[in-house]
Amino acid sequence: MDSEHGEFLSMLIDEDVQALRAAGRLRRWDRGTTVMTEGDTSDWVLVLLEGRVKVSSHTTSGTEVVLAVRGPGGLLGELSAIDGSPRSATVTALEPISGIVVRDFPTFLSNHGRIAVLLMQLVSGRLRDADRKRIEYGAFDTTGRVATRLIELAERYGEKTNSGVRVALPLSQDELAGWTGASREAVSKALRTLRDRGLIETGRRRVVIHDLEGLRKRAR
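Residues numbered from 1 in each chain as written. Predicted model: local features only at pLDDT ≥ 70, side-chain atom pairs only at ≥ 80, totals over all residues. Heavy atoms only, no water.

**Regarding the overall build of the chain**
Step number 1: Within the chain one finds eight helices and twelve strands.
Step number 2: For a compact globule of 220 residues, the expected C-alpha radius of gyration is about 17 Å, and the chain comes in at 18 Å, within 12% of that figure.
Step number 3: Structurally, the chain occupies a C-alpha span of about 55 × 40 × 30 Å along its principal axes.
Step number 4: The 220 residues of the chain split such that 46% are buried.
Step number 5: Across the chain, every contact between residues at least 6 apart in sequence was considered, and the portion connecting residues at least 24 apart equals 70%.
Step number 6: When the accessible surface of the chain is totalled, it reaches about 11,200 Å², and 48% of it is carbon and sulfur.
Step number 7: Each charge class in the chain can be summarised by its mean position, and for the 33 positive and 30 negative side chains these summaries are 5 Å apart. (Helix = DSSP H or I, 4+ residues; strand = E, 2+ residues; numbered from the N terminus. Rg over C-alpha atoms; globule rule 2.2 N^0.38 Å. Buried < 20%, exposed > 50% of the residue type's maximum accessible area, 1.4 Å probe, protein only. Contact = heavy atoms within 4.5 Å. Areas by Shrake-Rupley, 256 points an atom, 1.4 Å probe, with all protein chains shown as cover. Lys, Arg positive; Asp, Glu negative; His and termini not counted. Charge placed at Lys NZ, Arg CZ, Asp CG, Glu CD.)

**Details of the pairing of strand β11 (residues 200-203)**
Step number 1: Strand direction decides the pairing type here: β11 and strand β12 (residues 206-209), joined by four bridges, are antiparallel. Bridged to glutamate 201 within β12 is valine 208.
Step number 2: Hairpin geometry of β11 and β12 is characterised by an intervening segment of two residues between the two adjacent antiparallel strands and by a positive phi of about 55 degrees at arginine 205. (Pairing = 2+ DSSP bridges.)

**Focus: the sheet that holds strand β4 (residues 53-58)**
Step number 1: Pairing in this open sheet of four strands is antiparallel, and the strands run β2-β7-β4-β5 from one edge to the other. Edge positions in the open sheet fall to β2 (34-36) and β5 (64-70), since each of these has one partner strand only. Across the sheet, the mean angle from the axis of one strand to that of its neighbour is 35 degrees, orientation sign disregarded.
Step number 2: Examined bridge by bridge, β4 and strand β7 (residues 90-93) share four bridges and lie antiparallel to one another. (Axes fitted to C-alpha atoms, helices over the stretch in contact; angles between N-to-C directions.)

**Looking at the pairing of β12**
A regular strand places its side chains on the two faces of the sheet in alternate fashion.
Step number 1: Sheet analysis places strand β10 (residues 164-168) next to β12, joined by four bridges and oriented antiparallel. Along β12, the bridge assignment pairs valine 165 with isoleucine 209.

**Some remarks on the packing of helix α5 (residues 142-157) against helix α6 (residues 173-180)**
Step number 1: At a minimum axis distance of 9 Å, the contact between α5 and α6 shows a crossing angle of 105 degrees. As judged from the angle between their axes, α5 and α6 are roughly perpendicular. From α5, Arg145, Val146, Arg149, Glu152 and Leu153 reach across to α6, where they touch Leu176, Trp179 and Thr180.
Step number 2: Here the contact of α5 with α6 is composed, by residue class, of four nonpolar, one polar and three charged. (Parallel < 35°, antiparallel > 145°, perpendicular 65-115°, else oblique. Nonpolar A, V, L, I, M, F, W, Y, C, P; charged D, E, K, R; others polar.)

**So, the packing of aromatic side chains**
Step number 1: Per the stated rule, a full pass over the model turns up one aromatic pair.
Step number 2: Consider the rings of phenylalanine 105 and phenylalanine 108, whose centres lie 6.0 Å apart with planes at 10 degrees: the pair is stacked. A residue pair is termed a helical-turn pair when its members lie 3 or 4 positions apart in one helix, as phenylalanine 105 and phenylalanine 108 do in helix α3 (residues 105-110) at three residues. Phenylalanine 108 matches phenylalanine 105 in its accessibility class, with the two residues each being buried.
Step number 3: Across from the ring centre of tyrosine 157, 4.3 Å away, lies the NZ or CZ of arginine 52, which sits over that ring.
Step number 4: Geometry around tryptophan 179 places arginine 149 over its ring, the cationic atom sitting 5.4 Å from the centre. (Phe/Tyr/Trp six-rings, centres within 6.5 Å; stacked < 30°, edge-to-face > 60°. Lys NZ or Arg CZ within 6 Å of the ring centre and 35° of its normal.)

**Points about the nonpolar core**
Step number 1: Formed by 27 residues in total, the largest nonpolar core has its most connected members in Leu150, Leu194, Ile200 and Leu215.
Step number 2: Of all elements in the fold, only β5, α5, β10, α6, α7 (184-196), β12 and α8 (212-219) reach the threshold of two or more residues within this core.
Step number 3: Among the elements that make up this core, the one with the highest residue count is α5 (seven residues).
Step number 4: Leaving out residues up to four positions away in the same chain, leucine 215 has contacts with Ala147, Leu150, Ile151, Leu194, Leu199, Ile200 and Ile209.
Step number 5: Among the nonpolar cores identified, the runner-up in size contains 20 residues, and Leu9, Leu20, Phe105 and Leu109 belong to it. (Core = buried A, V, L, I, M, F, W, Y, C linked by side-chain atoms within 4.5 Å.)

**What to know about the layout of surface pockets**
The probe, sized like a water molecule, is rolled over the atoms to show the empty space still left.
Step number 1: Considering only enclosed or pocket space, the largest pocket measures out at about 1,300 Å³ in volume.
Step number 2: In this structure, the largest pocket is lined by 48 residues; those nearest its centre are Leu67, Ala68, Arg70, Arg126 and Asp129.
Step number 3: Element by element, the count of residues in the lining of the largest pocket is highest for helix α4 (residues 113-139), at twelve residues.
Step number 4: Leu169, Gln173, Leu191, Gly203 and Arg205 are, among the 14 residues lining the second largest pocket, the residues nearest its centre.
Step number 5: Only α6, α7, β11 and β12 provide two or more residues apiece to the lining of the second largest pocket.
Step number 6: Among the elements that line the lining of the second largest pocket, the one with the most residues is α7, at three residues.
Step number 7: The class makeup of the residues in the lining of the second largest pocket is five nonpolar, four polar and five charged. (1 Å grid on protein atoms, 1.4 Å probe; cavity = no way out; pocket = protein on both sides within 12 Å on 5 of 7 lines; lining within 4 Å. Points joined across faces, edges and corners; volume = space filled by probe spheres on them.)

Structure representation (structure tokens):
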């Protein structure tokens, strides 16, 4: 079972994965399907096996803010399942996805202490990542934030080619704007700036990074 480095499944041993499979059931969703809805209350979680999803929330004015992109191995819905509070974000399939749905997750964790400890480590890492992003929003301009998100996508999903690192973008430009805390126009301008510097090349839902180190320097 392949999973991204740092995602929930990558932290588990085979015995843990077998326990998850035994406790849950496999489900599939089409691209564009809403998997979880902000404000709902539920005790089930999803362990993603295939495909990518966006985790997003909406401001009072209706603007979508993309909080994260999760891929294979990702755990979704754990906070609401554990504390019983309404879901804090909506999860939408960016492409066809499949995963293991585990209901009554608190009981599962109480019976699998090792997995519960690993979950605490995962949540701690996500809190640190959220803190880092808040610092980025205050310290970086839009071009710097866009560069940072492109680097993240390249490191997670990039494919090395003769011309650089190719990333098949799962996000539209509007969604990328929501992930960087900027307007669509500001993101378009940032992408144009990065193109003009020869750092990237863009196409429909794809980016080729010609100079990854140069992009990292611009992201600082």
